[in-house]
Amino acid sequence: MKKYKIALLPGDGIGPEIIESATQILQRVAQIYKFQIEMCQAPIGGHAIDTLGEPLPNSTLELCKSCNAVLMGAVGGPKWDLLPGNHRPEAGLLKIRAGLGLFANLRPAVVYNALKNASPLKDSALANGVDIMVIRELTGGIYFGQRKSVHIGNKCVYAYDTEEYTVDEIVRIAHVAFNIAIKRRKRVCSIDKANVLESSRLWRQTVADVAKEYRDVELSTMYVDNAAMQLVRNPGQFDVILTNNIFGDILSDEASQITGSIGMLPSASLGKGKLGLYEPIHGSAPDIAGKNIANPMATILSVAMMLRFSLDECEAAERIEESVTALLELGYRTADITSDGIEPIRTTDVTKKILELLNK
Ligand code: IPM
Ligand code: MG
C-alpha cells in the first residue's frame, strides 16, 4: 500500500480547527482509495514564536523537508502585530517558501454555481463564468530582492526594496503556467508593468520565449493596472494568469474577492520536485477562532490540491472536490457564505456532512 508522510502546520487563529476538519477528510479518502497517511505536526507562525521563540523553527523546516507534502492552516494575529518585521508570524511563511524552494504559487479563483450570489459583481460581469488560476512567482522579486533602511537616531529616513528577476527564475515559473494551461482552457495571460520596469521587460521577453515551446497555448500580455481593471470588468476572459510575486499577491486577493467566497479558496505552493505546501488563502481570522464557525472548505479543497499535485492521487482529489460542490448544491452554508436567511452550519458539521457524502 502506498504511504505518504504529511506535515501538518495548524498555525494560529482558526488554523487548528480547519486543519482538524481537513485531516479527517484526508484520512477518509485514504481509506477509500487505499493509501496510508502518516501525519506529524509542527509549530509555525505566532504559535511557534510563543513556544520556540521564532516563527519558523528549524525543526519545523526539517520535518517538512522529510515529508511528501505540507498542509498549513494560517499564521498571524493581533498578538504578534507589534513585533519587528523578521520576527512576525508572516516571516515564517516567507522563510518556509524559500526554505522549501516553493517558487510557484497556484491560486484558483472559482465562482461556484451555487454561490453566484456571493460575488459582488453584477450578473452581467459573471455571464462567462469565473474559473481563473493565478500563478504567482513566490520566491523572487521584491519580496526577496535587496533592501535597506537608513536610520538617523531611531527614525527611518530612507528605505528601498528591489524588484529583481533572473531569466532562470522566470523560465521555471513560465513552464509551470504553460503546463497547467494545457490541462485547462489553454490560455495564459502574463501580467507585468513592461511599460515602466526593466524587470518586467525581461519578464515579458522571457515568457514569450518559453511560449514558443507550447504551440497549443495562447499567450497574451497585460499591464498590471489594466489587469486590475479587467478582473472586475470581465473576469471570464482569464484562464491562467501568470505574474510575479508582488503583482500576484495583489491580483490574487482581487480575484478571490470577485468570487465573494474567500472561505472556499485553496492554494498550492510548488517547487522543483513533488513536495508542496497547501493552505487556504483566507487568513487566521482571530476574531472567530475557537468558535467552531470557521469555514473549513478552503482547507479541505487544499487537501484535494495536495492529493493531485504532490501525491498523484487524482481520483481522491476529484472525490473531495465533488463532495464540496455537492454540499453547496444541497444548500448547506457556513456563516461566511450564507445568504437569504439560511441558518449557517458549523465547522464540525461541514466535516460530518462531507464525510457522509464521501461514504455514499
Ligand atoms: C499571501 C500573504 C503573504 C504574502 C504575507 C502574509 C507575507 O499576503 O500569502 O498572499 O504577501 O505573500
Ligand atoms: Mg497576500
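Since this is a predicted model, take the numbers as computed values, not measurements.

How each quantity is defined
Residues numbered from 1 in each chain as written. Chains lettered and ligands numbered in written order. Predicted model: local features only at pLDDT ≥ 70, side-chain atom pairs only at ≥ 80, totals over all residues. Heavy atoms only, no water. Axes fitted to C-alpha atoms, helices over the stretch in contact; angles between N-to-C directions. Helix = DSSP H or I, 4+ residues; strand = E, 2+ residues; numbered from the N terminus. Parallel < 35°, antiparallel > 145°, perpendicular 65-115°, else oblique. Left-handed = near helix turned anticlockwise from the far one by under 90°. Contact = heavy atoms within 4.5 Å. Domains from an automatic or database assignment. Salt bridge = Lys/Arg side-chain N within 4 Å of Asp/Glu carboxyl O. Phe/Tyr/Trp six-rings, centres within 6.5 Å; stacked < 30°, edge-to-face > 60°. Buried < 20%, exposed > 50% of the residue type's maximum accessible area, 1.4 Å probe, protein only. Lys NZ or Arg CZ within 6 Å of the ring centre and 35° of its normal. Pairing = 2+ DSSP bridges.

## Details of the packing of helix α6 (residues 167–182) against helix α7 (residues 198–211)
Stage number 1. Axis separation between α6 and α7 bottoms out at 9 Å; the angle between their running directions is 50°. The angle between α6 and α7 falls in the class oblique. Considering only the axes of α6 and α7, their crossing is right-handed. Contacts between α6 and α7 involve Val-167, Ile-170, Val-171, Ile-173, Ala-174, His-175 and Phe-178 on the former and, on the latter, Leu-202, Trp-203, Thr-206, Val-207, Val-210 and Ala-211.

## Observations regarding the domain arrangement of the protein chain
Stage number 1. The assigned domain composition of the protein chain is domain 1 (1–100 + 275–360) and domain 2 (105–260).
Stage number 2. Put simply, the middle of domain 1 and the middle of domain 2, counted by C-alpha atoms, are 24 Å apart.
Stage number 3. Each side of the interface is counted separately: domain 1 has 13 residues, and domain 2 has 15 residues.
Stage number 4. At the junction of domain 1 with domain 2, the criterion picks out zero salt bridges.

## Considerations on unusual backbone geometry
Stage number 1. Even without glycine at this site, Lys-34 takes up a positive phi of about 60°.
Stage number 2. Position of Lys-34 among the secondary structure elements: in the loop between α1 (15–33) and β2 (35–41).
Stage number 3. Positive phi is not limited to glycine here, since Asn-292 has a value of about 60°.
Stage number 4. Structurally, the position occupied by Asn-292 is in the loop between β12 (276–280) and α10 (297–309).

## Overview of the packing of aromatic side chains
One pair of aromatic rings is described through two measures. These are the centre distance and the angle between the planes.
Stage number 1. For the structure on display, the rule yields four aromatic pairs.
Stage number 2. Geometrically, the ring pair formed by Phe-178 and Tyr-214 is stacked, given 5.0 Å between the ring centres and 15° between the ring planes. With a gap of 36 residues between them, Phe-178 in helix α6 and Tyr-214 in the loop between α7 and β9 (218–223) connect regions that are remote in the sequence. For the pair Phe-178 and Tyr-214, a shared accessibility class is recorded, and that class is buried.
Stage number 3. The cationic tip of Arg-136 hangs over the ring face of Tyr-143; the distance from NZ or CZ to the ring centre is 5.2 Å.
Stage number 4. For Arg-172, the ring lying beneath its charged end belongs to Phe-103, and the centroid distance is 4.2 Å.

## A closer look at the pairing of strand β4 (residues 104–110)
Stage number 1. The buried fraction of β4 amounts to six of the seven residues, a majority that puts the element mostly inside the structure.
Stage number 2. Strand direction decides the pairing type here: β4 and strand β5 (residues 131–137), joined by seven bridges, are antiparallel. Counted as the bridge partner of Val-110 is Asp-131 from β5.
Stage number 3. Two strands pair when backbone bridges link them, and β4 and strand β11 (residues 266–270) are joined in this way by three bridges, in the antiparallel orientation. Note on β11: the bridge partner recorded for Ala-104 is Leu-270.

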